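# Notes for the structure review
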Amino acid sequence: MSAGANAGRGLLGLVCGNTPEARGRVLDLLRCASPDALVLSVSVHADGTGRYPFVQRFVMGGEERRRASLCQGATGDPAVIIRQDLDTIARTASRPHVVLALPDTVDTAPFLAELWRTPLGRTPLSHHYELAPTAVGVDPGRLLNDLRCVHRATRLFGREPNGAPLTVAEAAARQMEAAQVMVLRGGPGEGDGRREGCRALLGHLNPSAVVHLDSDDAEVTALTALARSDSGWSTAGPADRLDVVAPVVRRRGVDHGVTSVLWRSRRPLHPERLAESLPRVMPSVVRSRGHLWMATRPRTVISWRSAGRHLELHEAGGWLADEDTAAWRAASPQRRTLASWYWDDYYGERRNEIVFTGADLDPDRLRAALDSAVLDDGELALGAEGWARLPDPLLGDAAPGPEG
């Protein structure tokens, strides 16, 4: 029984890592903290045909009968399969502490959001479990190599049961950003500053996470957080944290040469000038995230994500409109609060907000390059009808339909 679970509910934690050894080390620490925890180790394999993947589960701890019932393979949506396993465990054990050990083929944050979602007619998992912090084991050398790898794609399973193709760099960045606790492994190369440099980078990629160096006292410092519930989920559920308009937390200051730069603007962007500014913006950027208001798509939120030298812009839903009551009701409480906070009679909630992280970034030069890409007064006065005629080398021609 976990000390972090309230009466009537168990505890559910997620553990992953960028190498099997890094993940295994976190599992070892967690099992020392909670010896009675049941570890549900998951593997997900696609066959390349686009069909549902094969999901294998292995169990450590718990009763032999329960281990036998869960140690099996199935083909289907990984979130559905694991949700059924968790329901079974909750019905047969009193306040269980379950740890999901996820492979690097799972996109942790979207997978958790889908797992936590309640299908029609089913009992919510939140009725049976509290969420513990997501813990990630990090091999520094592997992380730094992966963040440079944009020439190779990997398929991750999260909200999409068939998996979404991402660059290795994007997958590595997402794994770190999903963590509440990170354990940074030691090993060869510690003397060259790589480990401390990686720790500084992690602090900027995910400022809200706790980063522990794996050492003799790691069990004292890390275990307390890993074996208790995370009260932060009470104000923002897993799905809410995926909202592209949610503000990206920025760490201030410079650590081992690593810094983060925030750029904001309330004016829409000229897509052609934005494209021309990229050679001045992106050098030395390791990771950037945020959202844009593009003049050629004034009603659409454009997500901005880069990892390594690869930048992706995607349409990611619509901006909230004053008269769209249904959209406001469907939005998360966090989104509604932010929209009210930023609301402007002309702009509404529309705005640009990106955080750039990298080594030796020049904040003034970066912000000036992006400021030059927003519409000037004359262009702004043209309105949505005039903006639609602007050349757009980034997203192409917008689909026909009313915009404004």
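Above this text is the structure in question.
Residues numbered from 1 in each chain as written. Predicted model: local features only at pLDDT ≥ 70, side-chain atom pairs only at ≥ 80, totals over all residues. Heavy atoms only, no water.

The subject of this paragraph is the packing of aromatic side chains. Taken as a whole and assessed by the stated rule, the structure comprises five aromatic pairs. Each ring, one from W304 and one from F356, has its centre 5.9 Å from the other, and the planes form 80 degrees; the classification is edge-to-face. Of the two residues, W304 is situated in strand β15 (residues 300-307) and F356 in strand β17 (residues 352-359); the sequence distance between them amounts to 52 residues. Judged by its relative accessible area of 1%, W304 is buried. Assessed through its relative accessible area of 0%, F356 is described here as buried. Here Y346 and Y347 contribute two aromatic rings whose centre-to-centre distance is 5.2 Å and whose plane-to-plane angle is 80 degrees, an arrangement assigned as edge-to-face. Ring-pair connections join several aromatic residues into one group, and the members of that group are W293, Y346, Y347 and W387. Looking at R351, its charged tip hangs above the ring of Y342, at a distance of 4.0 Å from the centre. (Phe/Tyr/Trp six-rings, centres within 6.5 Å; stacked < 30°, edge-to-face > 60°. Helix = DSSP H or I, 4+ residues; strand = E, 2+ residues; numbered from the N terminus. Buried < 20%, exposed > 50% of the residue type's maximum accessible area, 1.4 Å probe, protein only. Lys NZ or Arg CZ within 6 Å of the ring centre and 35° of its normal.)

Moving on, we come to the sheet that holds strand β16 (residues 310-318). The sheet built from six strands is open, its strands ordered β12-β13-β17-β14-β15-β16 with antiparallel pairing. Each edge of the open sheet is held by one strand with a lone partner, namely β12 (254-255) and β16. Bridge analysis of β12 against strand β13 (residues 258-265) gives two bridges, and the strand direction is antiparallel. Bridge pairing links D255 to V258 in β13. Helix-sheet contacts for helix α6 (residues 168-177) involve β14 (285-293) and β15, and the interaxial angle to β15 is about 100 degrees. (Pairing = 2+ DSSP bridges. Contact = heavy atoms within 4.5 Å. Axes fitted to C-alpha atoms, helices over the stretch in contact; angles between N-to-C directions.)

Moving on, we get to a negative patch on the surface. Taken together, the side chains of D322, E323, D324 and D345 make up a negatively charged region of the molecular surface. If you trace the backbone, D345 turns up in the loop between α11 (333-342) and β17. (Patch = residues over 30% accessible without salt bridge, like charges linked within 9 Å, V, L, I, M, F, W, Y side chains within 5 Å. Areas by Shrake-Rupley, 256 points an atom, 1.4 Å probe, with all protein chains shown as cover. Salt bridge = Lys/Arg side-chain N within 4 Å of Asp/Glu carboxyl O. Lys, Arg positive; Asp, Glu negative; His and termini not counted. Charge placed at Lys NZ, Arg CZ, Asp CG, Glu CD.)

Across the five residues of strand β5 (residues 97-101), five count as buried, placing the element largely inside the fold. A two-sided burial pattern is seen for β5, the buried positions comprising H97, V99 and A101 on one face and V98 and L100 on the other. Alignment of strand β1 (residues 10-17) against β5, held across five bridges, turns out to be parallel. Residue V15 lies in a different strand from β5, and its bridge partner there is A101. In the sheet, strand β2 (residues 38-45) pairs with β5 via four bridges, with the strands oriented parallel. From the neighbouring strand, L38 faces β5, where its bridge partner is V98.

Counting residues in each nonpolar core, the largest one holds 45 residues, and the members touching the most others are L12 and L100. Broken down by element, the residue count for this core peaks at six residues, all from helix α3 (residues 78-92). Excluding residues that lie within four positions of it along the chain, L100 makes contacts with L12, G13, L14, V15, L40, V42, I82, F111 and L115. Listed in part, the 21 residues of the second largest apolar core include L269, L278, V281 and L366. (Core = buried A, V, L, I, M, F, W, Y, C linked by side-chain atoms within 4.5 Å.)

Moving on: the pattern of salt bridges. Within the structure shown, the criterion is met by 20 salt bridges. A salt bridge links E170 to R305, with the shortest nitrogen-to-oxygen separation between them at 3.4 Å. A residue pair is termed long-range when its members are at least 10 positions apart, and E170 in helix α6 and R305 in strand β15 qualify at 135 residues. Owing to a relative accessible area of 28%, R305 belongs among the partly exposed residues under this scheme. Residue D377 pairs with R267 through a salt bridge whose shortest N-O separation is 2.7 Å. Taken together, the positions of D377 in helix α13 (residues 377-381) and R267 in the loop between β13 and α9 (271-281) put the pair 110 residues apart, joining distant regions of the chain. Given the relative accessible area of 25%, R267 is considered partly exposed. Residues joined by salt bridges that share partners form a network here, namely D107, E170, R174, E177, R287, R289 and R305.

This part is about the packing of α9 against helix α12 (residues 363-371). Packed helix pairs are specified by the crossing angle of their axes together with the interaxial distance, meaning the distance between the axes. Following both chains from N to C, one finds α9 and α12 inclined at 175 degrees, their axes separated by 9 Å at the closest point. Looking at the two axes, α9 sits roughly antiparallel to α12. Listed contacts from α12 to L274, S277, R280 and V281 of α9 are R365, L366, A369 and L370. Along the lines of polarity and charge, the residues of the contact of α9 with α12 split into five nonpolar, one polar and two charged. (Parallel < 35°, antiparallel > 145°, perpendicular 65-115°, else oblique. Nonpolar A, V, L, I, M, F, W, Y, C, P; charged D, E, K, R; others polar.)

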